[in-house]
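A closer look at the structure
Take a look at the letters that make up each chain.
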Amino acid sequence: MEQYVIKGGNPLVGEVEIGGAKNAALAILAAAIMTDETVHIENLPDVRDINVLLEAIREIGATVDRISPTEVKIAGVTIGNISVEYEYIKKIRASYYLLGALLGKYKNAEVPLPGGCNIGSRPIDQHLKGFRALGASVDIIHGAVVAKADHLTGKHIFLDMVSVGATINIMMAAAMAEGNTTIENAAREPHVVDVANFLNSMGANIKGAGTDVIRIQGVEKLHGTTYSIIPDQIEAGTFMCAAAATMGDVMVKNVIPKHLEATTAKLEEIGCQVEEFDDAVRVVANKRLKRTNVKTMPYPGYPTDMQPQFAVALVLAEGTSIVTESIFENRFKYADELARMGANIKVEGNTAIIDGVQKLTGARVSAPDLRAGAALVIAGLASEGITIVDDIVYIQRGYERFEEKLRSLGAEIEKVSSEKELKKFQLRVG
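Not measured: the values here are computed from a predicted model.

Turning our eyes to something else, we now look at the state of the cysteines. Here a disulfide denotes a covalent bond joining the sulfur atom of one cysteine to the sulfur atom of another. Enumeration over the complete set of coordinates arrives at 0 disulfides. This cysteine, C241, is not joined by any disulfide, and C272 carries the nearest cysteine sulfur, 8.2 Å off. On the basis of relative accessible area, C241 is assigned to the buried category, the value being 0%. We classify C272 as buried; its relative accessible area is 6%.

What follows is the structure in C-alpha cells.
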C-alpha cells in the first residue's frame, strides 16, 4: 500500500505547471466515441481516473492509441458492444458519461450505476430525466442503467437542480437527437464549456454553454477532430492553497485565471497577495493568515472541490472561520484527520467551525477521498515534523505527479510502499 511521507516546515517556493482538467477530460474521452472518425486529444491529465476510463472505452471495442501520457487518439468505428463492464464503473463515477455518448450515437446504452469518492449522495436522477425527455426508455436492471430509443427527439428540459454531470450527459445525447433541445438551469462550469467546444469541433451545434440556458440543434453525425483540454482549475487551486498554508511564494503556470476567480478572491481575503498574468497566477503569503467564511456553490461560486484545501489554510489562520458545504453532505471527513495534527475544527451538519491555531504537528493520517487527501498533504507540508498519509490511491485519481511537482517547489515528500522505504526517508530527513 503506497503512502506519502512528508517532512513539513518548508515554505513552497518556485513555479509549477498545471495539467489538463480531469473533469473535462473524462467527459471529452466519452464524447470522443461518438464519431467513427479518429479523435486526437491533447493536454490529457495522466491520472488514474483517465487510465481507467480509457480501459473501459477500449473494452467496448474502440481503438485507443495512447501516444504519450498526455495525448491519445480514439476511433469509435470498431465499437461492437454498448454494455460497459462494472469493473471499470465502480472505480470512477464519471464513467456514466458513456451513457450519454452511447445513447446519442447508437440509441442504446448499458452502463452500471457509478462509484467514485464517497463524499455524499450524488443521484443520477436528473441524467435519467433528461434521457427520458429525449424519448429514451430508461430502466435500472441488475444494477445497470439500460437506456434505449428508436430515435431521440429534441425537447425543452429543465433541471431541478444544477448538475454538471446531468448537463454534460444530456448535452451529448441531444447533440445527435432530431431537432432542437434546450437545457434550462444548466451547470456553467468551465468543463461544461470545454465539452461543448469539443463537441462543436466535431460538428455539433451547441450554443450557450457557460450560461444557464444551453441550446442544441441535433446533427446526424459527428466527425474527427484534434482538441486540447483546458487546464485543471482544481489542481491549480490546490497549489495556490498549498502556497498560502506553507507561507510560500508560488507561480502557478498554464492556467486560465478567470476560472480561478473564486479561489483567488478567498485567498486575498485571508491576506495572501495574488498576482494574475495571462496564463499564470502567483500566490505569496508572507504574514499570518486571517479568518474568513466560505460557502461552496455551483460555478461561478466557490467550488466544493476546493473546500478541504482552503480549510487547511483557515486552520492556520488567526481567528474563527466558518466553512459551509452546500453541495455534498459528506465532505468534512478530513476534519478528524486534521484534529490529529492539532487543528481545532468542529463539524455541525454541513458547517465546519474552525478556530485557527499557531501550528500543526505531523501525524499519521488517512486520505478519505481525493480532495481531502490533497488537503492532508498540504497540512503535512505546513506542519512541524513528519506526516504519513495513507490511502493515497484516492489522491492519485486526480493529481498527476503530485509529489514530484511539490518537490520541485522545495517540499520534502516521498511516495513509499514499504516500512523500509519509510524508515529510509525518516533517517534522511532526521
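Let's pick the thread back up.
Next up on the list: the domain arrangement of the chain. Per the domain assignment, the segments making up the chain are domain 1 (3-19 + 231-429) and domain 2 (22-228). Facing the 25 residues of domain 1 at the interface are 22 residues of domain 2. Here domain 1 meets domain 2 over a buried area of about 1,900 Å², counting both sides, of which 54% is carbon and sulfur. Where domain 1 packs against domain 2, one counts 1 salt bridge. D49 is the salt-bridge partner of R397, the closest N and O atoms lying 2.7 Å from each other. Our count for the domain 1 to domain 2 interface comes out at 5 residue pairs in polar contact (both at pLDDT 80 or more). No other element matches the 3 residues that helix α13 (residues 393-396) contributes to the side of domain 1 that touches domain 2. Of the residues belonging to the side of domain 1 that touches domain 2, the class tally is 9 nonpolar, 7 polar and 9 charged.

Now for the side chain of T292. Within the secondary structure layout, T292 lies in the loop between β16 (280-284) and β17 (293-295). A distance of 2.5 Å separates the side chain of T292 from the side chain of E269, its partner in a polar contact. When residues no more than four places from it in sequence are discounted, the contact partners of T292 are K266, E269, I270, F310, L314, S321 and I322.

Residue placement: K107 occurs in the loop between α4 (97-106) and β6 (108-112). Buried within the structure, K107 lacks any salt-bridge partner; its nearest side chain of opposite charge belongs to E178, at an N-O separation of 7.5 Å. With residues up to four places along the chain from it excluded, the contact list for K107 reads L102, A147, K148, A149, D150, H151, L152 and M176.

Here we take up the nonpolar core. L29, I33, I41 and L98 are the most contacted members of the largest nonpolar core, which has 82 residues in total. Apart from the residues within four sequence positions on either side, I41 is in contact with I28, L29, A32, T70, E71, V72, I74, F198, Y227 and I229. I234, A313, A375 and I392 belong to the second largest nonpolar core, which has 72 residues in total.

Applying the stated rule across the entire model yields 22 salt bridges. Ionic pairing is found between D46 and R66, a salt bridge with its closest N-O pair at 3.5 Å. With D46 in the loop between β3 (38-42) and α2 (48-59) and R66 in strand β4 (residues 63-68), this residue pair connects regions lying 20 residues apart in the sequence. Judged by relative accessible area, which is 28%, R66 ranks as partly exposed.

Time to look at the packing of helix α6 (residues 164-175) against helix α7 (residues 190-201). Remark: α6 packs on α7, axes separated minimally by 10 Å, with the N-to-C direction vectors making an angle of 10°. On the basis of their axis angle, the class for α6 and α7 is roughly parallel. Each of V164, T167, I168, M171 and M172 in α6 lies in contact with α7, whose residues at this interface are H191, V192, V195, A196 and L199. Residues that form the contact of α6 with α7 fall into these classes: 8 nonpolar, 2 polar and no charged.

Basis of the calculations
- Numbering of residues starts from 1 in each chain and follows the order in which that chain's sequence is written.
- The predicted nature of this model means local features are confined to residues of pLDDT at least 70 and side-chain atom pairs, given and counted, to a pLDDT of 80 or more, with totals for whole chains, interfaces and linings taken over all residues.
- Side-chain descriptors were evaluated using all non-hydrogen atoms of the structure, hydrogens and water having been removed beforehand.
- A pair of sulfur atoms, both from cysteines and within 2.5 Å, is called a disulfide here.
- With a 1.4 Å probe rolled over the protein chains alone, any residue whose accessible area is under 20% of its type maximum counts as buried; one over 50% counts as exposed, and the rest are partly exposed.
- For the purposes of this description, domain bounds are those given by an automatic or database domain assignment.
- Residue contacts follow a heavy-atom distance rule, with two residues in contact if any of their heavy atoms lie within 4.5 Å.
- We define buried area as the total accessible area lost by two parts upon association, computed with a 1.4 Å probe and summed across both.
- A pair is scored as a salt bridge if a Lys or Arg side-chain nitrogen falls within 4 Å of a carboxyl oxygen belonging to Asp or Glu.
- For this analysis, a polar contact is any N or O atom pair within 3.5 Å, provided that within protein one partner can donate a hydrogen and the other can accept it, and provided that sequence-adjacent residues contribute only side-chain to side-chain pairs.
- The secondary structure listing takes helices from DSSP runs of H or I that are at least 4 residues long and strands from runs of E that are at least 2 residues long, numbered from the N terminus.
- Asp, Glu, Lys and Arg are counted as charged, while Ala, Val, Leu, Ile, Met, Phe, Trp, Tyr, Cys and Pro are counted as nonpolar; the rest, among them Gly, fall into the polar class.
- Asp and Glu are treated as the negative residues and Lys and Arg as the positive ones, with His and the ends of the chain left uncounted.
- Here, nonpolar core means buried Ala, Val, Leu, Ile, Met, Phe, Trp, Tyr and Cys residues that are tied together by side-chain atoms lying within 4.5 Å of each other.
- In this description, a line fitted to the C-alpha atoms serves as the axis of each element, helices being fitted only across the stretch in contact, and the angle between N-to-C directions of two axes falls anywhere from 0 to 180 degrees.
- Just so you know how the angles are binned, under 35 degrees is roughly parallel, over 145 roughly antiparallel, 65 to 115 roughly perpendicular, and the rest oblique.

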